[in-house]
There are 2 protein chains.
Amino acid sequence: MIKANNPDLKSWIEVDKNSDFPIQNLPFGIFVREGKLPRACVAIGDCVVDLAEFALAGYLRDLNVNLQIFENSFLNPVIGMGKEKCRLLRQLVSDILHAENPELRDRQDMRKKIIHKMSDVKMLIPVRIGDYTDFYSSIDHATNVGKMFRDPANALLPNWKHLPVAYHGRSSSICVSGHSFHRPKGQTKPADADLPIFGPCKLLDFELEMAFIIGKQTQLGESVSTAVADDYIFGLTLFNDWSARDIQTWEYVPLGPFLAKNFASTISPWIVTLDALEPFRTAGYTQEPKVLPYLEYKGEKNIDIHLEVSIQPEKSEENIVSKSNYKFMYWTMEQQLAHHTSNGCNINIGDLMASGTISGPTPGSFGSMLELSWKGTKPIQLKDGTDRKFINDNDTVIMRGYCEKEGVRIGFGEASGKVLPAL
Amino acid sequence: MIKANNPDLKSWIEVDKNSDFPIQNLPFGIFVREGKLPRACVAIGDCVVDLAEFALAGYLRDLNVNLQIFENSFLNPVIGMGKEKCRLLRQLVSDILHAENPELRDRQDMRKKIIHKMSDVKMLIPVRIGDYTDFYSSIDHATNVGKMFRDPANALLPNWKHLPVAYHGRSSSICVSGHSFHRPKGQTKPADADLPIFGPCKLLDFELEMAFIIGKQTQLGESVSTAVADDYIFGLTLFNDWSARDIQTWEYVPLGPFLAKNFASTISPWIVTLDALEPFRTAGYTQEPKVLPYLEYKGEKNIDIHLEVSIQPEKSEENIVSKSNYKFMYWTMEQQLAHHTSNGCNINIGDLMASGTISGPTPGSFGSMLELSWKGTKPIQLKDGTDRKFINDNDTVIMRGYCEKEGVRIGFGEASGKVLPAL
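If you're wondering where the values come from, they're calculated on a predicted model, not measured in any experiment. (Residues numbered from 1 in each chain as written. Chains lettered and ligands numbered in written order. Predicted model: local features only at pLDDT ≥ 70, side-chain atom pairs only at ≥ 80, totals over all residues. Heavy atoms only, no water.)

## Quick notes on the relation of the copies chain A and chain B
Of the two same-sequence chains, chain A is brought onto chain B (RMSD 0.0 Å, axial shift 0.0 Å) by a rotation of 180°. Classification of the inter-copy transformation places it as that of a two-fold axis. Across chain A, the smallest distance between a C-alpha and the rotation axis is recorded for Gly256(A), namely 2.1 Å. A symmetric contact is evident, with 100% of the interface residues of chain A recurring at the interface of chain B. (Least-squares fit on C-alpha atoms with pLDDT ≥ 70 in both. Contact = heavy atoms within 4.5 Å.)

Next up, the structure:
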């Protein structure tokens, strides 16, 4: 297995020291070149490795799979090989890309076919997402929201510390990084009005999230324990669960958010494998009161992933408005999955399970404008002299994330989305 | 176009007068025979017409489509032909099955290939469902729930008459009629307890619903007006949105139902086209207060579909526990779809949009045990001498529905699911 935290491992492909994609990472994606069909790839430095051509060259012989799985619009068939084969695949790619391996390194003709600059390709959504679930598992986020909208003294609802609260989201409107969308319109009820109105959302917000992608299916009736949950998690992405706060306020009682969330979500194009992230596991919050037995888990299951959010106004520079960390999750992925399947709900390869907004304990680490501007009462100053309570038209919101340890940086790339004016 | 309400139209295939599937209906499904691959079909009487063989015989030449769309596990590619071609397809089938058309009638060899008894085939889930949305659009149901759990004097929440409340459901656990599933387990908090417990659901319920299947996709940002909504609705099915009431009570604040709903839903195997249902349109409730302009609609858009629910205990006979009607919907499908897309949310062929529990104004027409037994205070007597507040292990719940007018009955078949004991 690739040692993600081995700093001595180097590739003959040059990788900048600040790159998210050293040879220790090798995340999976789907790319397309002009006039060609989509293909599976891995990232290294500022390049993509075309796995279909890589396989055609014979480098994946040991995998013993139908090579057509790499000529696909989605990674689902690759993930469907199972964790052991995906591990072997990353190992085989790593071996060929190793600095001292001349096999591909010294063959310019083959390199041209197999390796492309990221700037020459377009990244597509990496998986066909079946069902999308959004959790609400950051205690600082839930506490902030509770303080703002409910009782500051009893910010968390009674169930919050007993189960990872979640709801079903909409898969159809999940878009890959680099997209733009029009500000949603919807029904809202102004505080001083008797009747609702319809028009463009006035309180458009991002939600800084991570998402994990299911790598192994279950049958209806089956439950996944926290002990084996990792076998069902293929990898992680960045995720922006765009939210229309004013639409949500009016619509969400009693059945939860609907049109406030399903107009667009942004996913990063690279799925970083759970294997690559293992060296960055860390302890999470102490769970008190004690959770029910089916939610207990052993070991350190949080992951130390530095996260940040930038707002980039049209024709202006980026402004980092939040620095958070995935380690601030109260409920771990393993608990989320155990809970999700505790009733026998079946999961499929490609299902996406998002964390919910990830806020840290300090104001600069909050994961949404709602919290950062504290419901609009504390505008955020930008470098261009403007300020933001929420997101303006023509703003681009960019999320980034990476782990770092002993000189190895395992990153996620970007989840970037731009807001166009309402239609 | 087939005149669904023309009682004079007869087929050479014998159709019982109480059959759901006269030649005026011709709903679509997916069937499989032992040792064969799944195929698209239409129902007539107690038979299925294999559309792949029907096409091979040359009867669908005028359609001018790739015949492979009929050799598929899902109807999505058939629906993807578009409404005009689906209309033509039903017309071509109708013509060949017409009592006076000898073309297939008099060719026993071809009939053997094309037509099978329903009892000799297995019906599969008819569509690959992308996203599943569940509305909450029956005013009698919402009022009943409000009376039981909130304020009897103000049973409806403030937003209820202004927008069709909805939430996203889980697609993966939607099963076709005839399935069984284990009683879900989950977290509940007994009223007299300080802490939640984990165990089998004690208040398992059905929800009598109809669902419509999307027949035409939109792009992100696009909205569908009530005036053209019917162009996007392919047809309807019966739908049982099984619910664990005790799990729901504890988990659902603030983000809505999650594990209380996603352990199983039952769909009927036949999609009855909107075309076949047009003759049964009827007026709905008066909407007061007036809805916002984007929710206004013209004409009669409810549909008069008789619905009923039976409980069948193990080795015992059926007991009809509810007789309701789809015409009792406060919000129409056209309004639901206009609302769903009002924020630019994109829809795909095969998306499923369910009505929410359909209750009528009288106790015998309520669409869930929660209402029928009024929260367990009024048990329902069954013929075998037992009673039910909710659903017991080994009970089968069967939903049926049909329209009837001028001697023509357009039915839906069954949505039947059996509850096995918790694992």
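Once you've had a look at it, read on.
## Concerning the pairing of strand 1 (residues 28-32) of chain B
Looking along a regular strand, one sees side chains alternate from face to face of the sheet. Residues and elements named next belong to chain B. Extensive coverage of strand 1 is indicated by the burial of five of its five residues. Residues Phe28, Ile30 and Val32 point to one face of strand 1 and Gly29 and Phe31 to the other, with burial holding for every one of them. As paired strands, strand 1 and strand 2 (residues 39-44) are joined by four bridges and run antiparallel to one another. Within strand 2, the residue paired with Ile30 across the bridge is Ala40. Connecting the antiparallel pair strand 1 and strand 2 is a turn made up of six residues, with Gly35 showing a positive phi of about 75°. Note: strand 1 against strand 5 (residues 122-124), three bridges, orientation antiparallel. When the bridges of strand 5 are listed, Phe31 appears paired with Met123. (Buried < 20%, exposed > 50% of the residue type's maximum accessible area, 1.4 Å probe, protein only. Helix = DSSP H or I, 4+ residues; strand = E, 2+ residues; numbered from the N terminus. Pairing = 2+ DSSP bridges.)

## Focus on the interface of chain A and chain B
Each partner contributes to the interface: chain A provides 57 residues, whereas chain B provides 57 residues. The interface formed by chain A and chain B includes four salt bridges. For the salt bridge of Asp351(A) with Arg170(B), the shortest nitrogen-to-oxygen distance reads 2.5 Å. Viewed at the interface, chain B and chain A are joined by 27 residue pairs in polar contact (both at pLDDT 80 or more). Only strand 7 (166-169), strand 10 (185-188), strand 11 (197-200), helix 7 (245-251) and helix 9 (333-341) of chain A provide two or more residues apiece to the side of chain A that touches chain B. Here the side of chain A that touches chain B is built from residues that sort into 31 nonpolar, 19 polar and seven charged. (Salt bridge = Lys/Arg side-chain N within 4 Å of Asp/Glu carboxyl O. Polar contact = N/O pair within 3.5 Å; in protein donor to acceptor, adjacent residues only side chain to side chain. Nonpolar A, V, L, I, M, F, W, Y, C, P; charged D, E, K, R; others polar.)

None of this, on its own, says anything about what the molecule does.
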